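# An overview of the molecular structure
Chain residues, written in single-letter form:
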Amino acid sequence: MNNPLINPGIGTFVWMLVSFGILAFILIKFGWPMILKSLKKREEAIAKSLNEAATAREEMKSLVAHNEELLRQAKMERDEMLRNARIASDEIIEKARAKATEEADRIVDTARENIQYEKLKAMHELKNQIANLSIEIAEKLIRAELSDKPKADTLIQKELELMNLN
């Protein structure tokens, strides 16, 4: 059991201690400041990232609020446009209705005038037909009366006397 790894000798132990001391000194003198410096940079980078994340979060909240405001305004504008469109369509419908009513009244008035004109025309034609029929009847009656000679002479005498009186 004389294994130098398990039971080192005093000389080996001293040289190991001296080597470890030199290594520790080199690490403490040159390595430790670099490690601390890189840890400090890492800490600053993490702090900076956290600050940027907080700033980004605040900006996102601001953007969300701004977007909500824009959405609310867009809805209001849409509602206003719809309201104006309804008003405009109601006005157009009302104008069309008024124009249609006016046109219907004009057509009715024209029809009434045409009816009155046709009525007067029909009455005039009826009077003419009645007059023609009356003349034909009178003519036939006069022929019948004048076919008898003595009656015709008497009738002519009466008519002449009436003319002389007037």
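In case you missed it, the structure is sitting above this.
Heads up: these notes are all about the structure in this document. Please read these numbers as outputs of a predicted model, since none were measured by experiment. (Residues numbered from 1 in each chain as written. Predicted model: local features only at pLDDT ≥ 70, side-chain atom pairs only at ≥ 80, totals over all residues. Heavy atoms only, no water.)

With that out of the way, let us pick up the overall build of the chain. Scanning the chain from terminus to terminus reveals two helices and zero strands. In terms of overall dimensions, the chain is more spread out than a globule: its C-alpha atoms have a radius of gyration of 65 Å, far above the 15 Å expected for 166 residues. Seen through its C-alpha atoms, the chain measures out along the principal axes to roughly 200 × 40 × 15 Å. Every one of the 166 residues in the chain was classed for burial, and the buried ones make up 1%. In the form shown here, the chain has an accessible surface area of approximately 15,700 Å², with 65% of it arising from carbon and sulfur atoms. (Helix = DSSP H or I, 4+ residues; strand = E, 2+ residues; numbered from the N terminus. Rg over C-alpha atoms; globule rule 2.2 N^0.38 Å. Buried < 20%, exposed > 50% of the residue type's maximum accessible area, 1.4 Å probe, protein only. Areas by Shrake-Rupley, 256 points an atom, 1.4 Å probe, with all protein chains shown as cover.)

Once that is clear, we can look at the pattern of salt bridges. Counted according to the given criterion, the structure contains six salt bridges. Note that Arg-78 is salt-bridged to Asp-79, the shortest N-O span being 3.1 Å. A residue is classified by how much of its surface remains accessible, and Asp-79, at 34% relative accessible area, is partly exposed. (Salt bridge = Lys/Arg side-chain N within 4 Å of Asp/Glu carboxyl O.)

The grouping of Ile-10, Val-14, Trp-15, Val-18, Ile-22, Phe-25, Ile-26 and Phe-30 at the surface amounts to a nonpolar patch, some 890 Å² of accessible area in total. Within the secondary structure, Ile-22 sits in helix α1 (residues 10-146). (Patch = residues over 30% accessible without salt bridge, like charges linked within 9 Å, V, L, I, M, F, W, Y side chains within 5 Å.)

All right, on to the environment of Glu-77 then. On the secondary structure map, Glu-77 appears in helix α1. Placed 45 residues apart in sequence, Glu-77 and Ala-122 show a C-alpha to C-alpha distance of 66 Å.

The values are spatial; any link to function lies outside them.
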